[in-house]
Amino acid sequence: MKLPNFLIIGVQKAGTTSIYNYLTQHPQVYMSPVKETNFLEKDWETLPPELITPNKNRIDTFEKYCQLFQDVKDEIAIGEASPNYLFHYQSSSELISRYLPDVKLIAILRNPVDRAYSDYLMHVREATDVAGKVQPLSEQLKFRSKGSFTLKKGLYTPQLTHFFETFNPEKIKVYLYDDLCKNPVALIQDMYRFIGVDETFIPDVSKKAQVAQVPKVKLVNDLLRKQNPFRTMVASGLKYILPVEVRQTVRSALINMNSTDKKKAGLSKEERQQLLEFYRDDILKLQDLIQRDLSVWLTV
């Protein structure tokens, strides 16, 4: 049975989709066809049924997880990328130890202020808000005096510390998103070396995996993305006229027309300062943990 010998464990909004694509290009690497399996995030098989939302596409059994790697041939490195593993470090580390005890672990970290803002914009863009509104990050800072999940994902030190204490530190590699942006080929070739494949292979890094955008008009974005009576009515009328592929293309085109570059919705200096104060102590501890100068993260 072939199973992963390396995992991308984190973090969200730090280039993991691009890295997944660069790894997939390498002839000696096999990546799970499902980018984020999330199987090792929680122990699905012991969760009470009432806590699990039905989802036929979810990888929630070991059998389903194994099936993702049934097409492995002679690849040297076998992997998957689920960037929430780092955030759910307690449950994930236990499950990784159970199923993949000798696996190598890779994390790529981004300035937590920028990561949180990118995460926030994703929720705005995807209309995954609660009660019709995505709370601004300044408001999220007030949640239980410890911040929201969006903010807590950037508190890297306790997450990484747990992994270093649970696994052999020599099998854990930490990269910075800043380095990925500056020289993606150098970073990915170092990653090739870490997972034991030909490091001289040069991936095509010319295409960004995701271009962050935000909606121009929230109401229009909600109508196009969320299930609602208007969208249902239009879809019911068009299904007799246009095939589903055409309808999806039209919907995507309308979403793009209502989108603009995220730079036009940037954080204010005051908001950045508030977020920096939330993360400052953790950044200082993280410097010592990973032996990297993170002073640039401490500037507004």
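Thresholds applied
Residues numbered from 1 in each chain as written. Predicted model: local features only at pLDDT ≥ 70, side-chain atom pairs only at ≥ 80, totals over all residues. Heavy atoms only, no water. Helix = DSSP H or I, 4+ residues; strand = E, 2+ residues; numbered from the N terminus. Buried < 20%, exposed > 50% of the residue type's maximum accessible area, 1.4 Å probe, protein only. Contact = heavy atoms within 4.5 Å. Areas by Shrake-Rupley, 256 points an atom, 1.4 Å probe, with all protein chains shown as cover. Core = buried A, V, L, I, M, F, W, Y, C linked by side-chain atoms within 4.5 Å. Phe/Tyr/Trp six-rings, centres within 6.5 Å; stacked < 30°, edge-to-face > 60°. Lys NZ or Arg CZ within 6 Å of the ring centre and 35° of its normal. Axes fitted to C-alpha atoms, helices over the stretch in contact; angles between N-to-C directions. Parallel < 35°, antiparallel > 145°, perpendicular 65-115°, else oblique. Nonpolar A, V, L, I, M, F, W, Y, C, P; charged D, E, K, R; others polar.

J.: Just checking my understanding: could you explain the overall build of the protein for this structure?
T.: Along the protein, the regular secondary structure elements total 13 helices and seven strands. Relative to its full complement of 300 residues, the protein shows a buried share of 45%. Of all intrachain contacts in the protein linking residues separated by at least 6 positions in sequence, the fraction that spans at least 24 positions is 75%. Looking at the protein as shown, the accessible area adds up to about 16400 Å², and 54% of this sits on carbon and sulfur atoms.

J.: Honestly, the nonpolar core in this entry has me stumped. Any pointers?
T.: Nonpolar side chains in soluble globular proteins generally cluster together in the buried interior. With 76 residues, the main nonpolar core has Leu7, Leu23, Leu40, Tyr65 and Leu109 as its most contacted residues. Look past the residues within four positions of Leu7 in its chain and what remains in contact with it is Leu40, Tyr65, Glu80, Tyr85, Ile96, Leu100, Val103, Lys104, Leu105 and Ile106.

J.: How should I be thinking about the packing of aromatic side chains in this particular structure?
T.: How two aromatic rings sit relative to each other is given by the distance of their centres and the angle of their planes. Under the counting rule described, the total for this entry stands at twelve aromatic pairs. With a centroid separation of 5.4 Å and 50 degrees between ring planes, the pair formed by Phe39 and Tyr99 is classed as tilted. One end of the pair, Phe39, is in the loop between strand S2 (29-31) and helix H2 (62-67); the other, Tyr99, is in helix H3 (residues 89-99), and 60 residues separate them in sequence. The two residues Phe39 and Tyr99 agree in class, both being buried. Where Phe62 meets Tyr99, the ring centres are 4.7 Å apart and the plane angle is 20 degrees; that geometry is what we call stacked. Taken as a pair, Phe62 in helix H2 and Tyr99 in helix H3 lie far apart in primary sequence, 37 residues in all. Put simply, the rings of Tyr30, Phe39, Phe62, Tyr65, Phe69 and Tyr99 pair up and form one aromatic cluster. The side chain of Lys104 reaches across the aromatic face of Phe194, ending 5.2 Å from its centre. It is Lys153 that lies over the ring of Phe87; its NZ or CZ is 5.8 Å from the centre.

J.: Just to check I follow, could you spell out the environment of Ile76 for this structure?
T.: Within the secondary structure, Ile76 sits in the loop between H2 and strand S3 (77-81). Owing to a relative accessible area of 44%, Ile76 belongs among the partly exposed residues under this scheme. Spatially, the C-alpha atom of Ile76 lies 9.7 Å from that of Asp198, the residues being 122 residues apart in sequence. When near neighbours in sequence (up to four residues on either side) are disregarded, Ile76 contacts Asn5, Gln28, Gly196 and Val197.

J.: Before we go on, may I ask you to explain the environment of Lys285 in this structure?
T.: For Lys285, the position within the fold is in helix H13 (residues 269-290). Taking relative accessible area as the criterion, Lys285 reaches 53% and is therefore assigned exposed.

J.: What's the story with helix H1 (residues 16-25) in this structure? I'm lost.
T.: For an α-helix, 3.6 residues make a turn, and residues three or four places apart therefore share a direction. Counting buried residues in H1 gives seven out of ten residues, a clear majority hidden from the surface. Residues of H1 that are buried: Thr16, Thr17, Ser18, Ile19, Tyr20, Tyr22 and Leu23. Check the buried side of H1 and you find it contacts strand S1 (6-10), S2, S3, strand S4 (104-109), helix H8 (177-182) and helix H9 (184-195).

J.: Would you explain the packing of helix H7 (residues 156-166) against H13 in this entry?
T.: Relative orientation and spacing of two packed helices are given, respectively, by the angle between their axes and the distance between those axes. Two elements in contact, H7 and H13, have axes separated by 8 Å at closest approach and are oriented at 30 degrees. Accordingly, the angle class assigned to the pair H7 and H13 is roughly parallel. Mapping the contact onto sequence places Tyr156, Thr157, Pro158, Leu160, Thr161 and Phe164 in H7 and Asp282, Lys285, Leu286, Leu289 and Ile290 in H13. By residue class, the composition of the contact of H7 with H13 is seven nonpolar, two polar and two charged.

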